[in-house]
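# What the coordinates show
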Amino acid sequence: MIFNYLKMAFRTIRRQGVNAVVNILGLALGIAAAFVIGMYMRQELTYEKGFDNNERIYRVATDFYSLGGFAKSQKQLVDALPEAIPAIELATRFDARGEPVPVWVGQTQYEEASYMEVDSAFFDMFSFEFIEGDRKHAMHRPGEVVISDALAKRYFGDESAIGKTIRIGNGEEVMQISGIVRAPSFKTHLQVDLWLPLAPVERTESGWTNANYYNYFRLKAGHDAHSLVGGLDRLLENTIYPASGVEMPFEQWRHSSQAVQFWVQPLTDIYLYSKFNLEFTPGGNPTQVYVLGLIGFFLLLIAGFNYVNLTTAASASREKEIGVKRSMGVERGKLISQFLMESVALSLIAMIVATGLAEVLLSFFEYITGTVLAVNIITDYKYLLALLAFSVLIGLLAGVYPALYLSRIRPVQLLKGGGSGSVHSRGRVRHVLVVAQFAIAIILIAGSAGVRNQLTFMRDVDKGLDEEGVLVIENLEELGDKGRLFKERLGQLPAIASTSIARRIPTGRSLSVGIYRTPEMSEGISLERFRADEDYMETLGMHLLEGRNFTGTWATDSASVILNESAVRALGIQENPIGQRINQDLYVIGVISDFNYQSLRTSIEPVIMQYADSGFRMAVNLNGTGITRVIKDIEATWAEFGSEEPVSYYFLDESFTALIQQEESLERAISLFTWLAILIACMGLFGLTMYTIRRRTKEIGIRKILGATVVQIVALLSSEFLRLVGIAFLVALPVSYFTMQSWLNSYAYRIDLGPGIFLTAGLLAVSLAVITLAYHAVKASLTNPAETLHYE
Amino acid sequence: MILTKELKKVYRTDEIETTALAGVNVDIKAGEFVSIMGPSGCGKSTLLNILGLLDNPSTGEYHFIGNEVSKFSERQRAGMRKGNIGFVFQSFNLIDELTVFENVELPLLYIGVGSKEREEKVHAALDRVGMMHRRKHFPQQLSGGQQQRVAIARAVVASPKLILADEPTGNLDSAHGQEVMKLLTELNEGGTTIIMVTHSPADAEYSHRVIHLFDGHVVSENFMRERYAMN
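Computed from a predicted structure; not experimentally measured.

### Examining the packing of helix 4 (residues 115–129) of chain B against helix 5 (residues 144–156) of chain B
Helix packing geometry: the angle between the two helix axes and the distance between the axes. All names here are of chain B. Packing of helix 4 against helix 5 leaves a shortest axis separation of 9 Å and a crossing angle of 135°. By the angle between their axes, helix 4 is oblique relative to helix 5. The chirality of how helix 4 crosses helix 5 is right-handed. Judged by residue contacts, A125, L126 and V129 of helix 4 engage R149, I152, A153 and V156 from helix 5. Across the contact of helix 4 with helix 5, the residue classes break down as 6 nonpolar, no polar and 1 charged.

Next comes the structure, spelled out in structure tokens:
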């Protein structure tokens, strides 16, 4: 029987030709896109889910002096917290330094960037799978390391790595490999290749304003985050507050900028939602996850609607079959199941096509979003099964309406040759679906245009500085006290406009905040501190609004500060900022315009600039000619200063671009799926036009005979659909407006939503619809009416 | 009004060449009512299509109101059709989605008649066929005879010089058929030239002249003397 259905499905496809191809391809595209999005969402939403007891593991993040919060927290916590909170079953901490560590295997030296230093409880808490070695006892003895299977293969090939020794760090400390970890089948933000022992941490009770380690706690079964929050509150009041030595009462202190703050983060939320400073690994983008999820759902809807539309439209040609079957006494249930089976058969064919498409789409998606999805559809039966289940479901869902509709037709109606009694109601459902498809398409077009405009705005906005052509040299400390000399030497190179030694560069990771107040203020406020020499403003192209720059001599500049506009406002000295006294012995000598030094999602904070003639970084403003040559010169000069390490540098504009990487990735992903959605919707429209025109062949013939021109016929045929697209535009308008508004509200610097985006989206949808319609409409209007009328 | 010389129409598919008209000469004067008869497949419809400027002959000449139109493009033919030729079909060919009024109005729309004048002309045409009271109905709400009367109203609304009727009574019972034939006769008496394809000798009785076609040839022309004499 099922074979019979499949046979019927294949015959239907053959008979319907182009339409079947459009139908299947549309569905396949929808399934493939939704599948890729589904895989992406699954990956992003299931971080850490493979660890035993993951739901009981939490990380504690902290903040003090209102620095913006740190993913790391105090070194005392792992000792102090379990004592304060009996519900804690296990505590572990780890650390990671940014730079790669040298590893010697025999005589070969490797540089490993993917590593962390962990204590002995680490593998008790995180149930990584050990291929060799014993997880329970790993890292319990000094001098032990654990490595990933990938690293074991790289270091030792096919030999067993367990028990072998490697030498770590510049001191070539000998370590023994006590465990080999299999790459987890799930994603975790803790994935590294090399786990080194953490140096013993001495227990101290004072000095709670530090964020030295990533601290994780596992609670006993039956406890949740509340126990941790409560315990941290007690710790704050009973230990940290007394240790701070401040004179204000506890309640006042805990709400002041000097207070220590804690956040309790469920392990499974860290990757996607945690956006603190010093995150161990860059996090995910929840907006992208949910927006793409919605788009995936939309794509399925559009593809499903196509399916319903084209199937019901095609039903006209099957009415005779149904009539005959009904008159022979086939029950309605049988007919329904026949149509459902055919629908499923068609969606299974679509699935096969979708599998191929998904592979292509997957690599394309990975390429544009930079998110690698660990999926191999063809070889992994699990994914094939998922696709299969998915397709059957889609086939059933999309087939329900056509099946019910077709089976409802009464045989008398049909065999009489009319069957047109329900033309109008059927048309209405079809119209609603077309409106829905195009509304979705317009929402997506407007959405991706909006994201793109915001992105352009973020790229082009006046940042208050000029990052183009600015090179940042790092690790200036390598040169010892010869930084100034190096600066002077670079200044002599003709291609270098100016240089500046600085402790902090915009977009950089270094943080510096101080508490400042004017004599009028009762309590200080925290200002972002930038320390640099007198050439900072010129090198970075900042604008001095009032007063003067530093002079470059320590004697006068050490008491001078320059504020940005926000800081002037924050300190309440807009009237006459120059000469104002800040704290005990600082005086304002200048005001610069606000400049961006972090993501445009956040507003510009008050900034105070202080003079420093030494620092770890140097900004170099190249005047734009012969970059390769200049870099060679810089490298040569650096080498002359006797550093063993090669010079390390980056371009400032690139690090500004990195700040909008999330938006770029989102924009590309939305664009990709938006075009897919439009394509699918247009394919549906293409098929539907064909049917509509077939149904109206006679009418077209009559009109032509009565004198209608080709243009008039095309206009007539298009107007029906264009009206639907128009309605879709009206439906889409409010939805996309409010969605865009709420997305843009998360940005401190954002575009205004003018009518442009929406008009463009509407116009684009209409144009695409016209192009789609044009083929059939023009073809129909060129047909000789004598043929269509006579051989009916 | 209509003069054809050696009109030929050949249909070619990949393998077969079919001659539908093999050198037809007809001469129809303004004000005539001519029937074309013949067995199925003799070329009646092909001839009607060519005479109605829906199709071009393969070779031969066709003079319509003094113009040699056999080489006209589709656009030129459409222009010549407008206002000059009205069509009545066996299957009525009314547009189901439009009301009686709107169906009759169509030809006027396409020749660009203003709305006030359109209304007057449509009403006059519907009056003439006695369908004024049904002007707001849809075709499917009417009987076959009524539909054909609406189709005739549509054919005459733009006051064409020529009406081509392709088996206008073929789908009607005899009572309704007679009504339609009476209407056509009235139109002809009003000065409109009518060419009608028919299988029915009774219907042919209403015309002045019958052209018999067989295998693409005109085999005979009979004048209905008594009726012709009546005029």
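### Considering empty space enclosed by the protein
Scanning the model with the defined rule gives 4 cavities of 30 Å³ or more in all. Size it by volume and the largest cavity reaches roughly 220 Å³. As for the largest cavity, its lining consists of 20 residues, of which T12(A), T311(A), R318(A), E342(A) and L346(A) are closest to the centre. Where the lining of the largest cavity is concerned, the elements lending two or more residues are helix 1 (2–16), helix 2 (18–45), helix 9 (286–314), helix 11 (332–369) and helix 12 (381–408) of chain A. In terms of residue class, the lining of the largest cavity is built from 10 nonpolar, 8 polar and 2 charged. Put simply, the second largest cavity is a space of about 120 Å³. Taken together, 16 residues form the lining of the second largest cavity, with L706(A), G83(B), I85(B), P107(B) and A158(B) sitting closest to its centre.

### Points about the environment of I302(A)
Residue and element names in this part refer to chain A. Relative to the elements of secondary structure, I302 occurs in helix 9. Under the relative-accessibility criterion, I302 is labelled buried at 0%. Taking C-alpha positions, I302 is 53 Å from N623, a pair spaced 321 residues apart along the chain. Among residues more than four places away in sequence, those in contact with I302 are Q437, I440, A677, I680 and A681.

### Some remarks on the pairing of strand 18 (residues 560–564) of chain A
As a general feature of sheets, a regular strand has side chains that alternate between the two faces. Residue and element names in this part refer to chain A. Most of strand 18 sits inside the fold, with 5 of its 5 residues counted as buried. Relative to strand 20 (residues 586–592), strand 18 is paired through 5 bridges, and the arrangement is parallel. Bridge pairing links S560 to Y587 in strand 20. In this sheet, strand 21 (residues 607–611) lies alongside strand 18 in antiparallel orientation, the contact comprising 3 bridges.

### Side note on the sheet that holds strand 4 (residues 33–37) of chain B
Residues and elements named next belong to chain B. One open sheet accounts for 6 strands, arranged 7-8-9-4-10-11; its pairing is mixed. Since the sheet does not close on itself, it has two edges, and those belong to strand 7 (85–89) and strand 11 (217–223), each with one partner. The average angle at which neighbouring strand axes cross in this sheet is 20°, direction not considered. Where strand 10 (residues 209–214) and strand 11 come together, 6 bridges link them in antiparallel fashion. Among the inter-strand pairings, V210 is bridged to a residue of strand 11, identified as N222.

### Notes on a negative patch on the surface
Negative charge collects at one region of the surface, where E111(A), E477(A), E478(A), E644(A) and E645(A) lie side by side. Its location among the elements puts E645(A) in the loop between helix 19 (627–640) and strand 23 (648–651).

### Here we look at the pattern of salt bridges
Tallied over the full model, the rule gives 40 salt bridges over all chains. The closest approach of N and O atoms between R141(A) and E144(A), which form a salt bridge, is 2.6 Å. Since its relative accessible area comes to 53%, R141(A) is described here as exposed. With relative accessibility at 2%, the residue E144(A) sits in the buried group. Between E120(B) and K116(B) there is a salt bridge; the shortest N-O distance is 3.8 Å. Taken together, the positions of E120(B) and K116(B), both in helix 4 and 4 residues apart, correspond to about one turn of that helix. In the salt-bridge network here, residues are joined through shared partners; they are R484(A), K487(A), D533(A), E534(A) and D535(A).

### Comments concerning the side chain of R118(B)
Relative to the helices and strands, R118(B) resides in helix 4. Taking relative accessible area as the criterion, R118(B) reaches 14% and is therefore assigned buried.

### Comments concerning the packing of helix 10 (residues 319–327) of chain A against helix 11 of chain A
All names here are of chain A. Contact pair helix 10 / helix 11: the axes reach a minimum separation of 10 Å and the direction vectors enclose 145°. Seen along the crossing, helix 10 lies across helix 11 with a hand that is right-handed. Contacts between helix 10 and helix 11 involve E321, I322, K325 and R326 on the former and, on the latter, R332, L335, Q338 and F339. Each residue belonging to the contact of helix 10 with helix 11 can be placed in one class, and the counts come to 3 nonpolar, 1 polar and 4 charged.

### A look at the interface of chain B and chain A
The interface is formed by 20 residues belonging to chain B together with 19 residues belonging to chain A. Carbon and sulfur atoms make up 55% of the area that chain B and chain A hide from each other, which totals about 1800 Å². For the chain B face of the interface with chain A, the top three residues by lost area are L54(B), N93(B) and Y110(B), together amounting to 31%. Between chain B and chain A we count 1 salt bridge in total. Here K704(A) makes a salt bridge to E74(B), at a shortest N to O gap of 3.7 Å. The interface formed by chain B and chain A includes 2 residue pairs in polar contact (both at pLDDT 80 or more).

About the criteria used
- Each residue is numbered by its place in its chain's sequence as written, counting from 1.
- Going through the entries in the order they are written, you letter the chains from A and number the ligands from 1.
- pLDDT decides what is reported in this predicted model: residues at 70 or higher carry local features, side-chain atom pairs at 80 or more are listed and counted, and totals for whole chains, interfaces and linings draw on all residues regardless.
- As a rule here, side-chain values come from all non-hydrogen atoms in the structure, and water together with hydrogens is ignored.
- Lines fitted to the C-alpha atoms define the axes, with helices restricted to the stretch that makes contact. Angles between their N-to-C directions range from 0 to 180 degrees.
- Helix and strand labels come from DSSP, where a helix needs a run of H or I of at least four residues and a strand needs a run of E of at least two; each type is numbered from the N terminus.
- Angles below 35 degrees are treated as roughly parallel, those above 145 as roughly antiparallel, those between 65 and 115 as roughly perpendicular, and all remaining angles as oblique.
- What makes a crossing left-handed is the near helix being turned counterclockwise from the far one by less than a right angle; a clockwise turn instead makes it right-handed.
- Every residue pair with non-hydrogen atoms within 4.5 Å of one another is taken to be in contact.
- For this classification, the nonpolar set comprises Ala, Val, Leu, Ile, Met, Phe, Trp, Tyr, Cys and Pro, the charged set comprises Asp, Glu, Lys and Arg, and every other residue, Gly included, is treated as polar.
- Put plainly, a pocket is an open set of points on a 1 Å grid over the protein atoms alone with protein on both sides within 12 Å along at least five of seven lines, a cavity is a set where a 1.4 Å probe fits but cannot get out, and a lining residue has an atom within 4 Å of a point.
- Grid points are joined across faces, edges and corners, and a volume is the space filled by probe spheres set on the points.
- A simple rule labels every residue: compare its accessible area, found with a 1.4 Å probe on the protein chains alone, to the largest value its type can have, and call it buried under 20%, exposed over 50%, or partly exposed in between.
- For two strands to count as paired, DSSP must find a minimum of two bridges between them.
- Only residues whose relative accessible area exceeds 30% and that form no salt bridge are eligible for patches; like-charged ones are grouped when within 9 Å, while nonpolar side chains (Val, Leu, Ile, Met, Phe, Trp, Tyr) are grouped when within 5 Å.
- Computed with the Shrake-Rupley method and a 1.4 Å probe, the accessible areas treat only the protein chains shown as cover for residues.
- Definition used for salt bridges: Asp or Glu carboxyl oxygen within 4 Å of a side-chain nitrogen of Lys or Arg.
- We score Asp and Glu as negative and Lys and Arg as positive, and we do not count His or the chain ends.
- To locate a charge, the coordinates of NZ of Lys, CZ of Arg, CG of Asp or CD of Glu are taken.
- Buried area is understood as the total, over both parts, of accessible area removed when two parts are fitted together, assessed with a 1.4 Å probe.
- Polar contacts, as used here, are pairs of N or O atoms within 3.5 Å; protein pairs need one atom able to donate a hydrogen and one able to accept it. Residues neighboring in sequence count only if both atoms are side-chain atoms.

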